[in-house]
Amino acid sequence: MSVDAPGPDVVVVGAGVAGLSAARLLQDAGRRVVVLEARDRLGGRVHTERVGGRVTDLGASWIHGVDGSAVAEAARAFGLPTVEFTVGGYQVDSRPIAYHAPDGSRMTDAEAARFASDVHAVDQTLVGVIGDSGPTDSYRDVVERAVAEQGWEADRAERVREHLAHRSEEQYGVAADELAAHGLDDDTIEGDEVVFPHGYDELPARLAEGLDVRLGHAVTAVSRDAEAVVVTTADDASAVPFVAGAAVVTVPVGVLQAGTITFDPALPDRHREALGRLRMNAFEKVVLRFPERFWDEDVYAVRQLGPAGRWWHSWYDLTRIDGEPTLLTFAAGPVARAIRGWSVEQVTASVLEQLRRLYGDRVGEPTSVLVTAWQDDPWARGSYAHMLPGSTTADHDDLAEPVDGVLHLAGEATWTDDPATVAAAMYSGHRAAERVLARPVPIERLWA
């Protein structure tokens with residue numbers, strides 16, 4: 001293969017935060033860049049719906065910890081407003097939370113504090129238990145050991161066990177027995193968490209400014225040799241493929257695994273083996289807006305303990321974002337798979353049944369309900385990736401290793417320290433750009 005001007009120097013596949021970050025830095029460094037995006041919009045799994053004056057983030061919502069976060073710095077530099085909302089990491093007591101006992105009654109502050117203390121005790125034990133775990137242990141395995149070490153009576157142990165199972169589901173959209181024992185090792189948050197009242201998609205929109213982004217261009221094949229890559233799209237089989245000196249592919253793990261894009265030659269064993277130890281999750285949002293507030297004042301979240309909370313156990317009060325009484329809950333892991341294909345009316349009835357168990361007739365009919373379907377999105381095939389039992393954190397790094405010096409994979413699943421986040425996507429795009437350029441580039445160039 002050979003590269004003839006005036007074609008692009010680099011083809012970036014995917015106009016999510018990873019792809020746009022890579023493209024922006026490469027173009028800033030003087031490279032000719034084309035971004036190919038299968039969807040008819042920017043952002044990938046950062047997607048905001050605007051209907052009737054309402055703004056709803058269907059994909060990513062939070063910056064999980066603003067301290068030292070490049071995403072937070074970019075948001076500030078771009079002038080994007082944010083609202084503090086520090087419970088997105090499934091914290092047990094970081095902000096006021098209304099806890100309900102298994103019988104549905106509101107727990108006292110002292111009871112809730114004792115429960116939170118129990119969770120913290122098991123978390124401390126978990127550090128050592130995970131360190132001593134075997135290569136195929138699941139998160140459920142290590143939780144069982146850590147809880148057993150406390151020597152508590154059955155009900156007390158079960159409440160904490162439930163909480164940690166829900167943590168696995170809400171943090172990674174997967175049941176605890178399907179998540180690697182160390183799959184939550186990166187679950188640390190530095191500083192407050194924030195959300196975007198005007199929509200998270202303002203970030204990719206700003207990153208895309210000045211870039212050559214081709215929407216509706218679904219890539220079907222990437223061929224390479226030691227000199228160049230040829231990227232073929234499905235929009236017009238007779239069109240001339242894009243030929244460039246390098247390609248950065250940022251599609252989600254689920255798309256790579258589905259074979260939607262053919263690689264010729266195939267990806268090396270190292271990459272394919274790493275892919276085999278990762279999975280896209282099942283994780284959907286349910287956003288309910290109400291004519292008036294019926295839940296507790298001055299709380300960030302409502303939580304139901306006990307067997308009744310197996311499906312719907314946590315609701316997040318989004319009212320502070322725009323003033324309209326709004327609750328967000330998640331269908332995560334087994335629940336998301338169970339409701340797949342349900343109508344909005346079926347999901348609404350299921351959620352309201354549980355809310356009425358807590359608040360009775362005060363729960364009115366919602367004025368609107370939104371249910372996402374990332375599992376059925378062909379360009380995502382889930383919300384984000386998680387580590388299977390048997391994986392190691394090195395799998396993220398292996399997936400990002402350059403191939404033949406011309407092909408680079410990026411995206412949240414290729415970043416080890418904080419995968420499954422917008423920050424991971426941004427950092428991975430930055431790394432890919434540096435590798436293409438073969439020199440360091442300040443990430444601040446994204447918003448300079």
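Residues numbered from 1 in each chain as written. Predicted model: local features only at pLDDT ≥ 70, side-chain atom pairs only at ≥ 80, totals over all residues. Heavy atoms only, no water.

With respect to the side chain of histidine 408
- Of note, histidine 408 is situated in strand β22 (residues 407-409).
- Not counting the four nearest positions on each side in its chain, histidine 408 is found in contact with Ala247, Val248, Val249, Pro402, Ala432, Arg435 and Val436. (Helix = DSSP H or I, 4+ residues; strand = E, 2+ residues; numbered from the N terminus. Contact = heavy atoms within 4.5 Å.)

Thoughts on the sheet that holds strand β17 (residues 301-304)
- Strands sit in the order β7-β17-β18-β19-β16-β20 across an open sheet of 6 strands; the sheet is mixed. Edge positions in the sheet fall to β7 (97-100) and β20 (368-371), since each of these pairs with one other strand and no more. Taking the axes of each pair of neighbouring strands and ignoring which way they run, one obtains an average angle of 20° across the sheet.
- Pairing analysis gives 3 bridges linking β17 to strand β18 (residues 314-317), with the strands arranged antiparallel. Across the sheet, the residue bridging to arginine 303 is serine 314, located in β18. (Pairing = 2+ DSSP bridges. Axes fitted to C-alpha atoms, helices over the stretch in contact; angles between N-to-C directions.)

As for the nonpolar core
- If you look at the biggest cluster of nonpolar residues, it comprises 48 residues, and the most contacted ones within it are Leu126 and Tyr139.
- Contributions of two or more residues to this core are made by β7, α3 (109-131), α4 (139-148), α5 (154-172), β16 (283-289) and β19 (326-332).
- At 8 residues, the largest contribution of residues to this core is made by α3.
- The contact partners of tyrosine 139, leaving out residues within four places of it in the chain, are Leu126, Leu164, Arg167, Ser168, Ala176, Leu179, Ala180, Ala181 and Leu184.
- The next biggest cluster of nonpolar side chains, apart from the first, holds 45 residues, and it includes Leu26, Ala72, Met426 and Leu446. (Core = buried A, V, L, I, M, F, W, Y, C linked by side-chain atoms within 4.5 Å. Buried < 20%, exposed > 50% of the residue type's maximum accessible area, 1.4 Å probe, protein only.)

Considering the side chain of threonine 414
- Within the secondary structure, threonine 414 sits in the loop between β22 and α13 (422-437).
- The exposure class assigned to threonine 414 is buried, which follows from its relative accessible area of 3%.
- Within the structure, threonine 414 has its side chain in polar contact with the backbone oxygen of glycine 411 (distance 2.7 Å).
- Not counting residues up to four positions away in its chain, the partners in contact with threonine 414 are His396, Asp397, Leu399, Ala400, Leu409, Ser428 and Arg431. (Polar contact = N/O pair within 3.5 Å; in protein donor to acceptor, adjacent residues only side chain to side chain.)

A few points about unusual backbone geometry
- Here the bond from aspartate 264 into proline 265 is cis, since omega is -5°, no more than 30 degrees from zero.
- Relative to the elements of secondary structure, proline 265 occurs in the loop between β14 (262-264) and α8 (269-276).
- Positive phi outside glycine occurs at arginine 381, with the angle close to 65°.
- Tracing the chain through its elements places arginine 381 in the loop between β20 and β21 (385-387).
- The class of arginine 381 is partly exposed, set by a relative accessible area of 37%.
- In this structure, aspartate 404 is a non-glycine residue whose phi angle is positive, near 55°.
- By the secondary structure assignment, aspartate 404 is in the loop between α12 (394-400) and β22.
- Assessed through its relative accessible area of 45%, aspartate 404 is described here as partly exposed.

A few points about the confidence of the model for the chain
- In the predicted model, the chain carries a mean pLDDT of 95, and 97% of its residues have values of at least 70.
- Ignoring residues within four places in sequence, the model shows residues 1-5, a span with pLDDT below 50, making 14 contacts including any to other chains. (pLDDT = per-residue confidence, 0-100.)

Topic: the pattern of salt bridges
- The tally for this structure, following the rule as stated, stands at 29 salt bridges.
- One salt bridge in this structure joins aspartate 376 and arginine 340, with 2.7 Å as the shortest N-O distance. Taken as a pair, aspartate 376 in the loop between β20 and β21 and arginine 340 in the loop between α10 (334-338) and α11 (344-359) lie far apart in primary sequence, 36 residues in all.
- The network of salt bridges with common partners includes Glu37, Arg39 and Asp377. (Salt bridge = Lys/Arg side-chain N within 4 Å of Asp/Glu carboxyl O.)

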